[in-house]
Amino acid sequence: MSRSYGQYCGLARALDVVGDRWNLLIVRQLLIAPARYHELLDGLGGVATNLLADRLRNLEAAGVVERRVPEEGNAVVYALTPWGAELREPVEGLIRWSTPLMARGPGGDRFHPQWLLVALRALLAGGTAAPPASPVGIAVDGRLLQLRATHSGVEVTLHDDGDLDTVVRADASIVLGLAAGALTLDDARGLVDIDGDEAAVRALLTPRRIPSASSAADRDAPDRSTQG
């Protein structure tokens, strides 16, 4: 590592590794799937090629990223190491934390539908839909994703070309608002087109929040209004 905060602190040492600009966005792309260099360039949108090469080199040296050669070809792909893949939890936490920042919409910022593969999984963590349930398609900017309830939560993938009984079409900001719980389907009437079972959409796009430490403390604190 070329730079360090020089602090014996877990957060500081984590930021020594992933705190540089673009590093966590590279991790986001590799949480979607291992990728070739040009696929990372396309998926990141805006990173200079020499900067991407530098960041990948640093992440590889730190043990976060590794290069692999798939059996079916000789083109190198970049992938997260098992340790690097453990960044999913903090990345998803940051996505949930960002909800107030997303409320103003995209403005002039870039957007790729594939980013929803990470964002929707993060926002729908703890979803209550009970499996087995038919997958629901989410169509955004010409890309079709699918959501499926599983025993471990809501699975978000690219459409696997199977039949979909229900497809939701909406702008990315509306889909994210629904998944974050900032909007309900009733709020979004006229902005969402549902072809199929609306009840299935409601079941999947209903996030269940894990109480924060502060809210849990408030809940567990004694009611002083009833005390003398």
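Above this text is the structure in question.
Structural notes, computed from the coordinates. What you see is a predicted model; the values in this text were computed from it and never measured.

## Let's talk about the layout of surface pockets
Here is step 1 of the chain: Quantified by volume, the largest pocket comes out at close to 1,400 Å³.
Here is step 2 of the chain: What lines the largest pocket is a set of 38 residues, among which Arg 28, Ser 98, Met 102, Trp 115 and Leu 176 lie closest to the centre.
Here is step 3 of the chain: Where the lining of the largest pocket is concerned, the elements lending two or more residues are helix H2 (23-32), helix H6 (88-97), helix H7 (99-102), helix H8 (116-123) and helix H9 (172-180).
Here is step 4 of the chain: For the lining of the largest pocket, the element with the highest residue contribution is H9, accounting for 6 residues.
Here is step 5 of the chain: By residue class, the composition of the lining of the largest pocket is 24 nonpolar, 7 polar and 7 charged.
Here is step 6 of the chain: If you add up the space inside the second largest pocket, you get close to 340 Å³.
Here is step 7 of the chain: Taken together, 18 residues form the lining of the second largest pocket, with Gln 29, Leu 31, Ile 32, Ala 33 and Leu 117 sitting closest to its centre.
Here is step 8 of the chain: Every element with two or more residues in the lining of the second largest pocket is listed here: H2, helix H3 (37-44), H8 and strand E5 (153-158).
Here is step 9 of the chain: For the lining of the second largest pocket, the element with the highest residue contribution is E5, accounting for 4 residues.

## Considering helix H4 (residues 49-62)
Here is step 1 of the chain: Between its first and last C-alpha, H4 extends 20 Å over 14 residues, near the 20 Å set by a 1.5 Å rise per residue.
Here is step 2 of the chain: Buried within H4 are the following residues: Leu 52, Arg 55, Leu 56 and Leu 59. All buried residues of H4 project into a common sector of 100° when viewed along the axis, lining one side. Exposed residues on H4 whose side chains face more than 90 degrees from its buried face are Asn 50 and Ala 61.
Here is step 3 of the chain: Among the structural elements, helix H1 (10-18), H2, H3, strand E1 (65-68) and strand E2 (77-80) are those in contact with the buried residues of H4.
Here is step 4 of the chain: Directly beyond the C-terminal end of H4, a positive phi value near 90° is found at Gly 63.

## Details of the pattern of salt bridges
Here is step 1 of the chain: All chains considered together, the criterion is met by 11 salt bridges.
Here is step 2 of the chain: A salt bridge links Glu 92 to Arg 88, with the shortest nitrogen-to-oxygen separation between them at 3.4 Å. In this pair, Glu 92 and Arg 88 are both assigned in helix H6, 4 residues apart and thus about one turn of the helix distant.
Here is step 3 of the chain: With a relative accessible area of 9%, Glu 92 lands in the buried category.
Here is step 4 of the chain: Linking Glu 92 and Arg 121 is a salt bridge whose minimum nitrogen-to-oxygen distance equals 3.1 Å. Here Arg 121 lies in helix H8 and Glu 92 lies in helix H6, a separation of 29 residues in the sequence.
Here is step 5 of the chain: Residue class for Arg 121 comes out partly exposed when judged on its relative accessible area of 39%.
Here is step 6 of the chain: Overlapping salt bridges, with partners in common, bring together Asp 186, Arg 189, Glu 198 and Arg 202 in one network.

## Some thoughts on the pairing of strand E6 (residues 166-169)
For a regular strand, the rule is simple: side chains alternate between the two faces of the sheet.
Here is step 1 of the chain: Here strand E3 (residues 136-140) runs beside E6; their pairing, made up of 4 bridges, is parallel. Paired with Ala 139 across the two strands is Arg 169, which belongs to E6.
Here is step 2 of the chain: Of the pairings in the sheet, the one linking E6 to strand E7 (residues 193-195) comprises 3 bridges and is antiparallel in character. Bridging from a neighbouring strand, Val 167 pairs with Asp 195 of E7.

Analysis parameters
- Residues numbered from 1 in each chain as written.
- Predicted model: local features only at pLDDT ≥ 70, side-chain atom pairs only at ≥ 80, totals over all residues.
- Heavy atoms only, no water.
- 1 Å grid on protein atoms, 1.4 Å probe; cavity = no way out; pocket = protein on both sides within 12 Å on 5 of 7 lines; lining within 4 Å.
- Points joined across faces, edges and corners; volume = space filled by probe spheres on them.
- Helix = DSSP H or I, 4+ residues; strand = E, 2+ residues; numbered from the N terminus.
- Nonpolar A, V, L, I, M, F, W, Y, C, P; charged D, E, K, R; others polar.
- Expected span 1.5 Å × (residues − 1).
- Buried < 20%, exposed > 50% of the residue type's maximum accessible area, 1.4 Å probe, protein only.
- Arc of directions from axis to C-beta.
- Contact = heavy atoms within 4.5 Å.
- Salt bridge = Lys/Arg side-chain N within 4 Å of Asp/Glu carboxyl O.
- Pairing = 2+ DSSP bridges.

In short, geometric facts, not functional conclusions.
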